[in-house]
There are 2 protein chains.
Amino acid sequence: MSGSNITAPTQFVDAGGERYAYRRVGGGTGLPLLCLQHFTGTLDNWDPAVTDPLAEDREVILFDNAGVGRSGGTVPNTVAGMAKHTFAFLDGLGIAICDVLGFSLGGMVAQQMALDRSSIFRRIILVATAPRGGDDIMHLEKPTLAPHLANPALRGFTVLQKIFFAPTEISQAAGAAFVARLQQRKEDREPPSGPAVAAAQMAAFREWEKPPARFSELANILQPTLVVSGIHDEMIPIANSYQLAGSLPNAVLLVYPDSGHGALFQFHEEFTRLASAFLSANSAAAPY
Amino acid sequence: MSGSNITAPTQFVDAGGERYAYRRVGGGTGLPLLCLQHFTGTLDNWDPAVTDPLAEDREVILFDNAGVGRSGGTVPNTVAGMAKHTFAFLDGLGIAICDVLGFSLGGMVAQQMALDRSSIFRRIILVATAPRGGDDIMHLEKPTLAPHLANPALRGFTVLQKIFFAPTEISQAAGAAFVARLQQRKEDREPPSGPAVAAAQMAAFREWEKPPARFSELANILQPTLVVSGIHDEMIPIANSYQLAGSLPNAVLLVYPDSGHGALFQFHEEFTRLASAFLSANSAAAPY
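This is a predicted model, so every value here is computed, not measured.

A. Seen up close, the environment of Ile238 of chain B. Residues and elements named next belong to chain B. By the secondary structure assignment, Ile238 is in the loop between strand 7 (225–230) and helix 8 (239–247). As a C-alpha pair, Ile238 and Asp135 span 103 residues in sequence and 9.7 Å in three-dimensional space. The residues touching Ile238, leaving out its near neighbours within four places in the chain, are Ser229, Gly230, Ile231, Asp233 and Val255.

Have a look at this one:
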């Protein structure tokens, strides 16, 4: 293994008038893999059990969008605004083409970027995310989510065990292991996101949920795409992944059982094995 | 490669008062893989590009149910009846446990067998099939299917290019290649199925479509299961695979783009690679 998000130093790049925080993990012959993060997540929310195996054959680039972690600027209240910052970041690094893994909110940013500048991505992995105009996106007031978020005993990463994993013994155990892995990094950590980050990102979800036209623009994302979801995702329900698979012209859909929003963390060995195979393929078609 | 459905001899076994036709392809350390066939399909409808790679690590057993091909007896008009014959066949071969690949009608038989005798299967692959109580199962009168089936120019295997593949240039080319592969076997071929086979199997679909209770019994199929479908399947639409993934407690769902009922034949390299990995896994969980 050639690197780890447990130890990779946080770096900074000035681009487009902002300073962005990021980390580079591993390396290899593959194109870099840009990883775009979920609601309120920072560089420290990337599970090393996912980033590190993917980094064996390619450089994995983790990125804090504007206003998140130690990145400067203000959190945009639209996905399109987040896409603009991500372009500025990549331009600042001199990266004209890469692969992308967009998780949840990050998957929306990845879709927007693919529409705005199709040459930016070679292959796309969309995990636990939704198309523009999708249904039931991040409604944290739902009875399946709200009690966990309101529980004062579930501070910091620990609430993720409840809201990213299914309410079964096996999935909850995987969630506990995930939370423990996030705490392996001891130094150079990011500040956790506060209410201002959450509010702006939530506004972006609401804007993403109500577009002028539903789904038709997905026909323009021609990249080989891998869509991944847990069958019991309460935060962004599986119907959104079914819509992505039905509307993207070149997408393989992979759904895991007994898991929720964090299926990629629960099945980190299996997910990274299949995702690496997908990224290593050179076919114009998504199946790998 | 240790065997091929292009050349494997057709064999016969007497069991439970019937004589069943079958073929054994390949071999290896894995459990045998029983392959259960689609509507009107015989041993000759198994694509060697699917059977042969799977047979590199295990014996693949192809089976003509009662009344199909050179198997004796009468085609049952229920899936449960077909399951009974399949048990008699396996008992006749002395096989107490195996893996199964059930395609379309064969996937329904596989589900019924798993419910009737759970010890019979270790791992299950269900391709282009539907749960009991599923929707829009094999309605050949649909406008997307009927004209092809009524076209006298599309005789024998050639109609499969139209009804098993999506109406795109790439998928149709894959369909033509599939039809050509089915014709590679020159000797010892099965007689094609006639109207009596079709009528009895169609009655079985109708009975399968209208069960007393929908989906709940799927909770009893605990085997690691891989559910596979083409996104544009007109014969057994994708919603049925979504229902299977949502109701089976231990199933990974894999959906291919730009393909129909015959997605496993269109993406034979990719499908057999992933299916082999799934079958080679020993985890109690389906993800592999």
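B. Broad picture of the relation of the copies chain A and chain B. Under the fitted operation, chain A is carried onto chain B by 0.0 Å of movement along the axis and a turn of 180 degrees, and the coordinates agree to an RMSD of 0.0 Å. On this basis, the relationship between the two copies can be described by a two-fold rotation axis. By C-alpha distance to the rotation axis, the residue of chain A lying nearest is Leu254 of chain A, at 2.4 Å.

C. Broad picture of the packing of helix 3 (residues 105–116) of chain A against helix 7 (residues 195–209) of chain A. Residues and elements named next belong to chain A. One way to put it is that helix 3 packs onto helix 7 with a least axis distance of 11 Å and a crossing angle of 55 degrees. What the angle tells us is that helix 3 and helix 7 run oblique. As for the relative orientation of helix 3 and helix 7, their crossing is left-handed in sense. Across the interface between the two elements, Leu105, Met108, Gln111 and Gln112 of helix 3 pack against Gln201, Phe205 and Trp208 of helix 7. Taken together, the residues that form the contact of helix 3 with helix 7 break down as 4 nonpolar, 3 polar and no charged.

D. Region of interest: the pattern of salt bridges. Inspection of every chain in the model, using the stated rule, returns 32 salt bridges over all chains. Between Arg181 of chain B and Asp47 of chain B there is a salt bridge, and its shortest N-O distance comes to 2.6 Å. Of the two residues, Arg181 of chain B sits in helix 6 (residues 169–182) while Asp47 of chain B sits in the loop between strand 3 (33–36) and helix 1 (48–54), which places them 134 residues apart along the sequence. By relative accessible area, which is 0% here, Asp47 of chain B ends up buried. For the salt bridge of Asp188 of chain B with Arg70 of chain B, the shortest nitrogen-to-oxygen distance reads 2.8 Å. Taken as a pair, Asp188 of chain B in the loop between helix 6 and helix 7 (195–209) and Arg70 of chain B in the loop between strand 4 (59–63) and helix 2 (79–93) lie far apart in primary sequence, 118 residues in all. A relative accessible area of 31% places Asp188 of chain B in the partly exposed class. If you follow the salt bridges from partner to partner, you end up with Arg23, Asp44, Arg70, Arg185, Asp188, Arg189 and Glu190 of chain A in one network.

E. Seen up close, the environment of His139 of chain B. Residue and element names in this part refer to chain B. With respect to the helices and strands, the residue His139 is situated in the loop between strand 6 (121–127) and helix 4 (146–150). On the accessibility criterion, His139 (18% relative accessible area) is buried. Separated by 66 residues in sequence, His139 and Phe205 have C-alpha atoms that sit 9.2 Å apart. Of the polar contacts made by the side chain of His139, one reaches the side chain of Glu141; its length is 2.9 Å. A distance of 3.1 Å separates a polar atom in the side chain of His139 from a polar atom in the side chain of Arg206.

What counts as what
- Residues numbered from 1 in each chain as written.
- Chains lettered and ligands numbered in written order.
- Predicted model: local features only at pLDDT ≥ 70, side-chain atom pairs only at ≥ 80, totals over all residues.
- Heavy atoms only, no water.
- Helix = DSSP H or I, 4+ residues; strand = E, 2+ residues; numbered from the N terminus.
- Contact = heavy atoms within 4.5 Å.
- Least-squares fit on C-alpha atoms with pLDDT ≥ 70 in both.
- Axes fitted to C-alpha atoms, helices over the stretch in contact; angles between N-to-C directions.
- Parallel < 35°, antiparallel > 145°, perpendicular 65-115°, else oblique.
- Left-handed = near helix turned anticlockwise from the far one by under 90°.
- Nonpolar A, V, L, I, M, F, W, Y, C, P; charged D, E, K, R; others polar.
- Salt bridge = Lys/Arg side-chain N within 4 Å of Asp/Glu carboxyl O.
- Buried < 20%, exposed > 50% of the residue type's maximum accessible area, 1.4 Å probe, protein only.
- Polar contact = N/O pair within 3.5 Å; in protein donor to acceptor, adjacent residues only side chain to side chain.

Keep in mind these numbers describe shape, not what the thing actually does.
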